[in-house]
Amino acid sequence: MIIDLEKRKVLKDGTEIPLTTTEFEILYLLASHPERVYTYQQIYEAIWNEEYVCEKGSIMSYIQRLRKKIESDHRHPKYIENIRGIGYKFVGQQISRQ
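Treat the numbers as computed from the prediction; the structure is a model and nothing was measured.

S.K.: What is the right way to look at the packing of helix 2 (residues 40-48) against helix 3 (residues 56-70) in this model?
M.R.: For any two helices packed against each other, one specifies the inter-axial angle together with the distance between the axes. Between helix 2 and helix 3, the least distance of the axes is 10 Å, while the angle of their chain directions is 80°. Looking at the two axes, helix 2 sits roughly perpendicular to helix 3. Contact residues: helix 2 offers Tyr40, Ile43, Tyr44 and Trp48, while helix 3 offers Lys56, Ile59, Met60 and Tyr62. The residue makeup of the contact of helix 2 with helix 3, split by class, is seven nonpolar, no polar and one charged.

S.K.: Teacher, can you tell me more about the side chain of Lys89 here?
M.R.: As for its position among the elements, Lys89 is in strand 6 (residues 87-90). Residue Lys89 is classed as buried on the basis of its relative accessible area of 15%. A distance of 3.1 Å separates a polar atom in the side chain of Lys89 from a polar atom in the side chain of Glu35.

S.K.: Could you clarify how one ought to interpret the pairing of strand 2 (residues 9-12) in this entry?
M.R.: The side-chain alternation of strand 2 yields one buried face, formed by Val10 and Lys12, and one unburied face, formed by Lys9 and Leu11. Here strand 1 (residues 2-4) runs beside strand 2; their pairing, made up of three bridges, is antiparallel. Bridging from a neighbouring strand, Ile2 pairs with Leu11 of strand 2. Counting the residues that bridge the hairpin from strand 1 to strand 2 gives four residues, and of these Arg8 lies at a positive phi of roughly 55°. The antiparallel pairing of strand 2 with strand 3 (residues 15-16) creates a hairpin that spans two residues between the two strands, and Asp13 there sits at a positive phi of about 55°.

S.K.: Just to check I follow, could you spell out the pairing of strand 5 (residues 80-83) for this structure?
M.R.: Regular strands show a simple pattern: their side chains alternate between the two faces of the sheet. Pairing between strand 5 and strand 6: four bridges, direction antiparallel. Paired with Asn82 across the two strands is Tyr88, which belongs to strand 6. In this structure, the hairpin formed by strand 5 and strand 6 is closed by a connection of three residues, where Gly85 is found at a positive phi of approximately 80°.

Rules used in this analysis
The residue count restarts for each chain, going from 1 along the sequence in the order it is written. At least 70 in pLDDT is required for a residue's local features to be given in this predicted model, at least 80 for side-chain atom pairs to be given and counted, and no such filter applies to totals for whole chains, interfaces and linings, which use all residues. By convention in this description, side-chain values take in all heavy atoms of the structure and omit both hydrogens and water. Only C-alpha atoms enter the line fits that serve as axes; for helices the fit covers just the stretch in contact. Angles between N-to-C directions range over 0 to 180 degrees. Secondary structure counts use DSSP, requiring at least four H or I residues in a row for a helix and at least two E residues in a row for a strand, with both numbered from the N terminus. Put simply, angles under 35 degrees are roughly parallel, angles over 145 are roughly antiparallel, angles from 65 to 115 are roughly perpendicular, and the rest are oblique. Contact criterion: two residues are considered in contact whenever any of their non-hydrogen atoms come within 4.5 Å of each other. Classification convention: Asp, Glu, Lys, Arg as charged; Ala, Val, Leu, Ile, Met, Phe, Trp, Tyr, Cys, Pro as nonpolar; all other residues, Gly among them, as polar. Type-normalised accessible area, obtained with a 1.4 Å probe on protein chains alone, sets the label of each residue: buried when under 20%, exposed when over 50%, and partly exposed for intermediate values. N or O atoms closer than or at 3.5 Å make up a polar contact, with two conditions inside protein: a donor-capable atom paired with an acceptor-capable one, and, for residues adjacent in sequence, both atoms drawn from side chains. Being paired, for any two strands, means DSSP has found at least two bridges between them.

Here is the structure:
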């Protein structure tokens, strides 16, 4: 997978994956520091630039849609892992950021 910040594009196996602005921002945030766990609060405040008000549902919804787009099997994700009750992390080094 390639995330091109300058062009705001994501390519997987040479094919562009269309993402919304928010989906792209979440993916880029998580992939910027593989294996780092981001809390729901950290994700919310980084993406929406507002104080966190327990918006786990919105974040979970975006992650679910993002997984359907980037994962081979979104029910068994290999890129974005849920850390129950805490947040999410990007797994491994399978990404190249440009």
